[in-house]
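This is what each chain is made of:
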Amino acid sequence: MDMRETIVSAGKKLISEGFTVETWGNISARDESGLVYITPSGMDYEICTPEDIVVMTIDRDIVSGTRRPSIETELHLSVYRARPEVRAIVHTHPIYSTVFSCMGESIPLIIDEAAQSLGDEVKTAAYALPGTVELAENCVKALGEKAYACLLQSHGAVCVGSCMKDAFKVAKVLETTAEIYFRIRSIGGKYIPLSEENIAAMQEFVLKKYGQPK
Ligand SMILES: [Zn+2]
């Protein structure tokens, strides 16, 4: 599938999966040559077509597309610069994850699914206004070297992956984990932490033995 079409269908999924409402959130992907494809600013995902996707270099030189790119373009480009393995980024506004972002808290890897998919504890990036270089820097810092997701304080989440499918999987697992964590806290409960050893074993397994050989 053409990268522009991948972004357009991912935009529709962002809405259908309940990861955001209206025109909030944004999506990008990086192709093999290093070009970045990103959603246009403030456009309804339902009417967005491949022609509306903006294509640019990592230094923000526009290669094609006439729309104004997403307000969070700097955030996407900064993550791609910091993490060469990342090929897709989905910025979401999910309910349960955002609860923890408003409190400036981290979401720990409390379930196997999270340990296998999120890479590391999901930290909250310090507050900065949307679209600023400061927010981009805070996001890169919160993601660190290993995490596939972070939260933006009082705002939402940023989920990354080696392809669009992976980034959406991260988004889904993050919100499920946040909801479980929320429910544990709501009844005054305490979770039993997974051991570092078991987390490492699951990550190793996913990397080397899970699924079918390619
Ligand atoms: Zn946002």
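See the structure printed just above.
Residues numbered from 1 in each chain as written. Predicted model: local features only at pLDDT ≥ 70, side-chain atom pairs only at ≥ 80, totals over all residues. Heavy atoms only, no water.

A. Structural context of the overall build of the protein chain. In terms of helices and strands, the protein chain carries seven helices and eight strands. Here the C-alpha coordinates of the protein chain stretch approximately 50 × 40 × 30 Å along the principal axes. For the protein chain, the proportion of its 214 residues judged to be buried stands at 45%. Considering only contacts within the protein chain whose residues lie at least 6 apart along the sequence, 62% involve residues at least 24 apart. As displayed, the protein chain has an accessible area near 11100 Å², and 54% of this comes from carbon and sulfur atoms. When the 22 basic and 29 acidic side-chain charges of the protein chain are each reduced to a single mean position, those positions are 3 Å apart. (Helix = DSSP H or I, 4+ residues; strand = E, 2+ residues; numbered from the N terminus. Buried < 20%, exposed > 50% of the residue type's maximum accessible area, 1.4 Å probe, protein only. Contact = heavy atoms within 4.5 Å. Areas by Shrake-Rupley, 256 points an atom, 1.4 Å probe, with all protein chains shown as cover. Lys, Arg positive; Asp, Glu negative; His and termini not counted. Charge placed at Lys NZ, Arg CZ, Asp CG, Glu CD.)

B. Main features of the coordination of the zinc ion. Coordination of the zinc ion by the protein involves His91 (NE2), His93 (NE2) and His155 (NE2), with metal-donor separations of 2.0 to 2.1 Å. Mapping the donors of the zinc ion onto the primary sequence yields the spacing H-x1-H-x61-H. Of this pair, His91 sits in strand S5 (residues 88–92) while His155 is found in the loop between strand S7 (149–152) and strand S8 (156–161), placing the two residues 64 residues apart along the sequence. Here the two residues His91 and His155 agree in accessibility, since each one is buried. (Donors = N, O, S within 2.8 Å, 3.2 Å for Na, K, Ca; no water.)

C. Molecular detail of unusual backbone geometry. Phi angles above zero are rare outside glycine, and Glu22 is one such case at about 55°. As for its position among the elements, Glu22 is in the loop between helix H1 (3–16) and strand S1 (26–30). Even without a glycine there, the phi angle at Ser154 is positive, about 55°. Following the sequence through the fold, Ser154 ends up in the loop between S7 and S8.

D. Inspection of helix H3 (residues 95–102) at higher detail. Among the residues of H3, those classed as buried are Ser97, Thr98, Phe100 and Ser101. Down the axis of H3, the smallest arc covering the buried residues is 155°, so these residues share one side. On its buried face, H3 is in contact with strand S6 (124–125), S7, S8 and helix H6 (164–186). Looking one or two residues beyond H3, the residue adopting positive phi is Gly104, at roughly 70°. (Arc of directions from axis to C-beta.)

E. Highlighting the environment of Ala128. Take Ala128: it is sitting in the loop between S6 and helix H5 (133–143). Assessed through its relative accessible area of 5%, Ala128 is described here as buried. In sequence terms Ala128 and Asn26 are 102 residues apart; their C-alpha atoms lie 17 Å from each other. Ignoring anything within four residues of it in the chain, the contact list for Ala128 reads Glu134, Leu135 and Asn138.

F. Expanded view of the packing of helix H2 (residues 73–82) against H5. Between H2 and H5, whose axes approach to 8 Å, the crossing angle comes to 40°. The handedness of the crossing between H2 and H5 is right-handed. Contact residues: Glu74, Leu75, Ser78, Val79 and Ala82 in H2; Val133, Leu135, Ala136, Cys139, Val140 and Leu143 in H5. A breakdown of the residues in the contact of H2 with H5 according to their chemical character gives nine nonpolar, one polar and one charged. (Axes fitted to C-alpha atoms, helices over the stretch in contact; angles between N-to-C directions. Left-handed = near helix turned anticlockwise from the far one by under 90°. Nonpolar A, V, L, I, M, F, W, Y, C, P; charged D, E, K, R; others polar.)

G. Inspection of the sheet that holds strand S3 (residues 54–56) at higher detail. Strand order in the open sheet made by the eight strands is S4-S3-S2-S1-S5-S8-S7-S6, with mixed pairing throughout. Each having just a single partner strand, strand S4 (62–64) and S6 make up the two edges of the open sheet. Across two bridges, S6 lies against S7 in parallel orientation. The residue bridging Ala125 from the neighbouring strand is Leu152, located in S7. Of the strands in this sheet, S1, strand S2 (36–38), S3, S4 and S5 are in contact with H1, which crosses S1 at around 150°. Each of S1, S2, S3, S5, S7 and S8 is contacted by H2, which is oriented at about 35° to S1, the strand it contacts most. (Pairing = 2+ DSSP bridges.)

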